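Spelled out from the first residue to the last, the chains are:
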Amino acid sequence: MFSRLAITVFASMLLISAPAVSAPITITFETFPGPDGKLGTADDVAPLDGIRLLTNEFSSMGLTFAQGSLHQRDFFDGNPLNHFISYTNPVAVLTVPVFGISIQSFSYWDATLTAYDAAGAVLAVDRLSHSAPGWFPMTGMLSISSLTEVASFSVLPDNPNYILNLDNLVLDVAEVPEPSQLLLFGLGMLVL
């Protein structure tokens, strides 16, 4: 009787202590997070027309651009109101535990997505090779995954004077357990 109760309590504590599976962070660049720090809520801020540098607009979500610019035009998907990265190729720093990155390209040139660890060592690379560089824009997806946490990433062409057009950034994040979750897990182990 006692062992059944202990197993039930233990199982309950383990279930409660398990971190929730977090959804990937998807950034379409159509809005920036407002004061609540989340995308997709009523306080989101729409970027202005034209070209603007990207910096800390997404820092509340764990993403800060060290370089990159945002452009609005119909070039990427036919929508004249679409915002996408262009003119200055992106280099970004992450403060959330990211283990995968993907981004869509509609560019005239080869593009390379590179992920780095906290020490600046390369973790993963994905290259999108254009079939006829400079002649027409080619659609493709750059994507990497890593067992080690990604601290920063870049998406660059072979020549620093070339411009890439990038949109729809997805960051695969792992949720870090809160101290209360770890305490419940420890209590479950103690009961067992």
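Our subject is the structure that appears above.
Residues numbered from 1 in each chain as written. Predicted model: local features only at pLDDT ≥ 70, side-chain atom pairs only at ≥ 80, totals over all residues. Heavy atoms only, no water.

Q: Explain the overall build of the chain here, please?
A: Of regular secondary structure, the chain possesses two helices and 10 strands. Start at the N end of the chain and walk to the C end: the helices and strands fall as α-β-β-β-β-β-β-β-β-β-β-α. Residue pairs at least 24 apart in sequence account for 65% of intrachain contacts in the chain once pairs closer than 6 positions are excluded. Summing over all exposed atoms, the chain offers an accessible surface of approximately 10400 Å²; the carbon and sulfur share of this is 63%. (Helix = DSSP H or I, 4+ residues; strand = E, 2+ residues; numbered from the N terminus. Contact = heavy atoms within 4.5 Å. Areas by Shrake-Rupley, 256 points an atom, 1.4 Å probe, with all protein chains shown as cover.)

Q: Would you mind showing me how to read the environment of I163 here?
A: Tracing the chain through its elements places I163 in the loop between β9 (138-157) and β10 (166-173). Since its relative accessible area comes to 31%, I163 is described here as partly exposed. Once the C-alpha coordinates of I163 and Y108 are considered, the two residues, 55 residues apart in sequence, prove to be 7.9 Å apart. In this structure I163 touches S86, Y87, N89 and W109, once residues within four positions along its chain are discounted. (Buried < 20%, exposed > 50% of the residue type's maximum accessible area, 1.4 Å probe, protein only.)

Q: Where do I start with the packing of aromatic side chains in this structure?
A: Two aromatic rings are characterised by how far apart their centres lie and by the angle between their planes. What the rule picks out here adds up to eight aromatic pairs. Ring centres of F29 and F58 lie 5.8 Å apart, and the angle between their planes is 90 degrees; this geometry places the pair in the edge-to-face category. Of the two residues, F29 sits in the loop between β1 (25-27) and β2 (52-53) while F58 sits in the loop between β2 and β3 (63-67), which places them 29 residues apart along the sequence. Each member of the pair F29 and F58 is classed as buried. Judged by centre distance (5.5 Å) and plane angle (40 degrees), the rings of F76 and F84 are tilted. Residues F76 and F84 agree in their burial class; the two are buried. Following the ring pairs from residue to residue traces out a cluster consisting of F75, F76, F84, F106 and Y108. (Phe/Tyr/Trp six-rings, centres within 6.5 Å; stacked < 30°, edge-to-face > 60°.)

Q: Sorry if this is basic, but what is going on with the pattern of salt bridges here?
A: Side chains carrying opposite charge are able to pair once their charged atoms draw close together. The full count for this structure, using the stated rule, is three salt bridges. Between E57 and R52 there is a salt bridge; the shortest N-O distance is 2.6 Å. Take R52: its relative accessible area is 30%, and that puts it in the partly exposed class. With a shortest N-O distance of 2.8 Å, D110 and R127 are connected by a salt bridge. Here R127 lies in strand β8 (residues 122-128) and D110 lies in the loop between β6 (91-107) and β7 (111-116), a separation of 17 residues in the sequence. Residue D110 is classed as buried on the basis of its relative accessible area, which comes to 13%. (Salt bridge = Lys/Arg side-chain N within 4 Å of Asp/Glu carboxyl O.)

Q: Help me out: how do you make sense of the environment of T28 in this one?
A: Looking at where T28 falls in the secondary structure, it is placed in the loop between β1 and β2. Taking the C-alpha atoms as reference, T28 lies 9.9 Å from I85; in sequence the two are 57 residues apart. Every residue in contact with T28, bar those within four places of it in the chain, is listed here: H83, D167 and N168.

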